[in-house]
Amino acid sequence: MLYPMMNQFRTVISLNGIWNFAFVHEEYQPTEPLKEPLLMAVPSSYNDIGVTTDFRDYVGVVAYEKIINVPDMIKNETIRLRIGSASHQTRVFCNGQWIGTHKGGFLPMDFLVPENLKLEKQIRITILVDNRLDFQSLPMGEIIKHNGVDKQIINYDFYNYAGIHRDVLLYTLPINPIEDIFVDYQIFHDRAQIQYTLQTQGVFVNATLTDPFGQIVSESTVLNEILYVENPLLWGIGKGQMYRLKIQTQTDEYTVSIGLRTVEVKEDHFLLNGERIFLKGFGKHEDFFLSGKANQSSVNLRDFELMKWINANSFRTSHYPYAEEIYDLADRYGVLIIDEVPAVGFNFWSSRKVYSIDVANDLTLEEHKREVKALIERDRFHPSVIMISLANEANTHEEGAYPYFKSLVEYTRLLTKLPLTIVEWVGANDNLVASLVDVIGVNRYIGWYTDFADLSVISSQLKKVLTDYHDRFHKPILLSEFGADTIAGVHTLPSLAFSEEFQVDFIEEYTKVVSSLDFVIGEHVWNFADFMTKQGLTRFIGNKKGVFTRERQPKMIAHFLKKHWKV
């Protein structure tokens, strides 16, 4: 699925803005326009728009509705509707006619607008979004009845924001469009070769490759050819050098951006372009006040400017795929991404089994594979994506975990050459699946969730946790999460838990351990910024482990990390 592109053959119309909105019952059918609708912003999470608890914590189906006039100039073209993401299950109708269904809250959906509707003067688009999660969805959740009303149970630590979170686009395709482009490349010492293949019924005209400065460096009039680049400019950290491959047929044109780079896990190290690198950065979230998980260009740019300022070079898309725009920016800024599927909630922190016939079963595994495939297909052109994360804090100590993840890893390796990781919470001695992946991610909160506020235990315990993993599995380790909740503006001497001073002392202890272990390939602080969670005794209006506030202002720890990561 190629991202919609505006050019002389293709038209793209944004449908973002204010839509009609309503809470509806599960069997609702949009045969008529909504009566007395509310108003809702697209994109946004509807939870933070309303002012009542019922509005914020609603569980079930909502309806979005927008009536559009279709321009005559595009009525002879193929018209498609693309929704960047909607959480979590979506049904789409035009003038009451069903046109498609999608499962999953963090990847795009794309539907054909039927021919009979193009003759109408107006099209009433209805998007039904269901925010409920179950054991066969990603993330995984459970619905229970509470006082006769559905209540969503989640076993992960971010708020279950719902709604249409990314761009809604109406776009056209010409006759015999370029349906897909596949690119593979190899880099030698002073030359790169780029092979392209097309999926199209159109008549091929030419392929043109331009360098990051806009100069043509190679071109061909042969379909499915190899293009050669002498002395290629490699994409790297802080070097967002992107080539552009333009494909032209007699009836269509499409351009993809390509960053030339290599990634490799070798012994205990992670190599980018043949050189050892150390990952410095964060776990992040798509999360901002008022808009929830909605994609916002201003927020995205601010985040990348802050990462540049603090000398970070990487982040993990915890715990789901992010908006395409974020990957585009990472390509341009030269920032590395660990791309994570929304496999979170695969734990209960109890004796209840996750991998069983009634919970994470064969249907869950098939959904997991479908999400992995869609993620890789969507993000295949981004040089910033250097690793795929298949799960976060799953119960990988259970007997059923090994066959589940063995099947998933084998399937994923058929789809990508990128290194694979699973982000772990269980200890090395109990882990049954870490042997399957290339890099082991380890989350630890020693001195916070265990031995609360005791900094003296961090060094010995953390060193043992990481060394145990390396000694058993002989894989490079990423310290993928560590942090302490910190209320911005709270200062104490001596440092006490929840103060900004304590956060600095806490994270410094972790970084000392990481610096002493050669097999640790990086440190990702949890979290880049404060973010919203469900309510709980351990949460003060969300998770406050951010290095930056939710409004993107620095805490004291940001200045420590800026110096620490400068080298």
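The notes below deal with the structure included here. (Residues numbered from 1 in each chain as written. Predicted model: local features only at pLDDT ≥ 70, side-chain atom pairs only at ≥ 80, totals over all residues. Heavy atoms only, no water.)

### Thoughts on the sheet that holds strand β32 (residues 520-526)
Turning to step 1, where the next piece is worked out: Pairing is parallel in the closed barrel, where eight strands are placed in the order β25-β26-β27-β28-β29-β30-β31-β32. Strand-to-strand twist in this sheet, taken as the mean axis angle between neighbours without regard to direction, amounts to 25°.
Turning to step 2, where the next piece is worked out: Where strand β27 (residues 336-340) meets strand β28 (residues 385-392), four bridges bridge the pair, whose relative direction is parallel. Of the residues in β28, the one forming a bridge with Ile 337 is Val 385. (Pairing = 2+ DSSP bridges. Helix = DSSP H or I, 4+ residues; strand = E, 2+ residues; numbered from the N terminus. Axes fitted to C-alpha atoms, helices over the stretch in contact; angles between N-to-C directions.)

### Quick notes on the packing of aromatic side chains
Given two aromatic rings, their pairing is described by the distance between the two centres and the angle made by the two planes.
Turning to step 1, where the next piece is worked out: On inspection of all chains with the given rule, the structure shows 38 aromatic pairs.
Turning to step 2, where the next piece is worked out: With a centroid separation of 5.0 Å and 90° between ring planes, the pair formed by Phe 23 and Phe 55 is classed as edge-to-face. One end of the pair, Phe 23, is in strand β2 (residues 17-24); the other, Phe 55, is in helix α1 (residues 53-56), with 32 residues separating them in the sequence.
Turning to step 3, where the next piece is worked out: Using a relative accessible area of 31% as the deciding quantity, one classes Phe 23 as partly exposed. (Phe/Tyr/Trp six-rings, centres within 6.5 Å; stacked < 30°, edge-to-face > 60°. Buried < 20%, exposed > 50% of the residue type's maximum accessible area, 1.4 Å probe, protein only.)

### A closer look at empty space enclosed by the protein
Turning to step 1, where the next piece is worked out: Under the defined criterion, the tally for this structure stands at four cavities of 30 Å³ or more.
Turning to step 2, where the next piece is worked out: Within this model, the largest cavity holds a volume of roughly 110 Å³.
Turning to step 3, where the next piece is worked out: Along the walls of the largest cavity sit 15 residues, with Glu 286, Asp 287, Ala 294, Val 299 and Asn 300 positioned nearest its centre.
Turning to step 4, where the next piece is worked out: When residues in the lining of the largest cavity are grouped by element, the largest group, three residues, is from helix α3 (residues 297-309).
Turning to step 5, where the next piece is worked out: For the lining of the largest cavity, the per-class residue count stands at four nonpolar, five polar and six charged. (1 Å grid on protein atoms, 1.4 Å probe; cavity = no way out; pocket = protein on both sides within 12 Å on 5 of 7 lines; lining within 4 Å. Points joined across faces, edges and corners; volume = space filled by probe spheres on them. Nonpolar A, V, L, I, M, F, W, Y, C, P; charged D, E, K, R; others polar.)

### Re helix α4 (residues 324-333)
Turning to step 1, where the next piece is worked out: Across the 10 residues that make up α4, a large majority, seven, are buried.
Turning to step 2, where the next piece is worked out: Along α4, the positions that sit buried rather than exposed are Glu 324, Ile 326, Tyr 327, Leu 329, Ala 330, Asp 331 and Tyr 333.
Turning to step 3, where the next piece is worked out: The secondary structure elements touched by the buried residues of α4 are β5 (78-83), α3, β26 (314-316), β27, α5 (362-379) and β28. (Contact = heavy atoms within 4.5 Å.)

### Section: α3
Turning to step 1, where the next piece is worked out: For α3, which comprises 13 residues, the first-to-last C-alpha distance of 18 Å matches the rise-based estimate of 18 Å (1.5 Å per residue) to within 8%.
Turning to step 2, where the next piece is worked out: By the burial criterion, the buried members of α3 are Val 299, Asn 300, Asp 303, Phe 304, Leu 306 and Met 307. Considered in projection along α3, the buried side chains sweep an arc of 160° and stay on one side of the axis. In α3, the exposed positions angled more than 90 degrees off the buried face are occupied by Ser 298 and Lys 308.
Turning to step 3, where the next piece is worked out: Looking at the buried residues of α3, the elements they touch are β25 (279-283), β26 and α4. (Expected span 1.5 Å × (residues − 1). Arc of directions from axis to C-beta.)

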